[in-house]
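Results of the structural survey
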Amino acid sequence: MVSGPFERGRSRPADPTALKILVAGAFGVGKTTLVGAVSDIKTLQTEESLTEAGRPVDDIRAVAGKRSTTVAMDFGRITISDSVIVYLFGTPGQERFRFLWDELARGALGALILVDTRRLADSFSVVDFFETRGLPFAVAVNCFDGAIRYPPEQVRRALDLDEDVPVMLCDARERASARDALVAVVEHALHRSARQRSAVS
């Protein structure tokens, strides 16, 4: 006689839904830190040391203390609820690795764009990337120590974002703060998908 959770006549528990989210942003905004802080598993990182040979192509003046950089991606996983697991793919920040973004974005539900208000202009091309491809995204302002904290609506105006794009303050080092930012991406992407389905029905 079969007994236990798969006893005849009982349905098998549904597998959780797996979602893919990109964590993107300019060089040195905290992508690796956020993925590491929020992941339930040991993260896969492709960090390499910054060297003198890279100085002509990697402008590190604004992040003078940075000693390494992501050259392919960061990978982590977070369980949002019993029914939702999110797989995180952190993108490399330098322009010379931007060709990888299209491949990383394949199959993604949406993206979290991390920004540093001390170097906000570096985020324009990141926002353009996702707007051009029609991939839903939220913006999280990483609150670096010593940086002026601007209201989210001021950041929205500075980046010329649509009103429905979530913008929030975030501390990439704090798990709860990073998790809230990722939840905002999932909710925004699902709401936008529902609106699009409703518009064509």
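Residues numbered from 1 in each chain as written. Predicted model: local features only at pLDDT ≥ 70, side-chain atom pairs only at ≥ 80, totals over all residues. Heavy atoms only, no water.

Here we come to the overall build of the chain. If you tally the helices and strands in the chain, you get five helices and seven strands. Across the chain, helices and strands are ordered from the amino to the carboxyl terminus as β-α-β-β-β-α-β-α-β-α-β-α. Put simply, the chain has 201 residues, and 45% of those count as buried. Intrachain contacts of the chain at a sequence separation of at least 6 include 72% that bridge at least 24 residues. In the structure as shown, the chain presents an accessible area of about 11100 Å², 52% of it carried by carbon and sulfur atoms. (Helix = DSSP H or I, 4+ residues; strand = E, 2+ residues; numbered from the N terminus. Buried < 20%, exposed > 50% of the residue type's maximum accessible area, 1.4 Å probe, protein only. Contact = heavy atoms within 4.5 Å. Areas by Shrake-Rupley, 256 points an atom, 1.4 Å probe, with all protein chains shown as cover.)

Here the focus is the pairing of strand β5 (residues 110-115). Judged by how many residues are buried, β5 sits mostly within the fold: six of six residues are covered. Along β5, one buried face is formed by Gly110, Leu112 and Leu114 and the opposite face, lined by Ala111, Ile113 and Val115, is buried too. Pairing geometry for strand β1 (residues 17-25) and β5, over five bridges, is parallel. Residue pairing across strands places Val23 opposite Leu112, the latter belonging to β5. As paired elements, β5 and strand β6 (residues 137-142) share five bridges and run parallel to each other. The residue of β6 that forms the bridge with Leu112 is Ala138. For the handedness criterion, the β-α-β arrangement of β5, helix α3 (residues 124-133) and β6 is classed as right-handed. (Pairing = 2+ DSSP bridges. Right-handed = clockwise from strand over helix to strand, strands pointing away.)

By the element assignment, Asp116 lies in the loop between β5 and α3. On the basis of relative accessible area, Asp116 is assigned to the buried category, the value being 1%.

Turning our attention to the pairing of β1. Within β1, seven of the nine residues are buried, which leaves it mostly tucked inside the rest of the structure. Sheet analysis places β1 next to strand β4 (residues 84-90), joined by seven bridges and oriented parallel. Bridging from a neighbouring strand, Thr17 pairs with Val84 of β4.

Of all hydrophobic cores here, the largest spans 27 residues; its most connected members are Leu34, Val86, Leu88, Leu112 and Leu182. Of all elements in the fold, only β1, α1 (31-38), β3 (68-81), β4, β5, β6, β7 (167-170) and α5 (175-200) reach the threshold of two or more residues within this core. Considering each element in turn, this core owes the most residues, seven residues, to α5. The contacts of Leu88, once residues within four sequence positions are left out, are Ile21, Val23, Val35, Val38, Asp74, Phe75, Gly76, Ile78 and Leu182. In terms of nonpolar packing, the next biggest core, distinct from the first, is built from 25 residues, Phe75, Ala111, Ile113 and Leu135 among them. (Core = buried A, V, L, I, M, F, W, Y, C linked by side-chain atoms within 4.5 Å.)

To continue, consider the layout of surface pockets. A probe as big as a water molecule, rolled over the atoms, marks out the empty space that is left. Taken as a whole, the second largest pocket spans an internal volume of roughly 190 Å³. Contributing to the lining of the second largest pocket are 13 residues, with Gly30, Thr33, Asn142, Phe144 and Arg173 lying nearest its centre. Across the lining of the second largest pocket, the residue classes tally to five nonpolar, four polar and four charged. (1 Å grid on protein atoms, 1.4 Å probe; cavity = no way out; pocket = protein on both sides within 12 Å on 5 of 7 lines; lining within 4 Å. Points joined across faces, edges and corners; volume = space filled by probe spheres on them. Nonpolar A, V, L, I, M, F, W, Y, C, P; charged D, E, K, R; others polar.)

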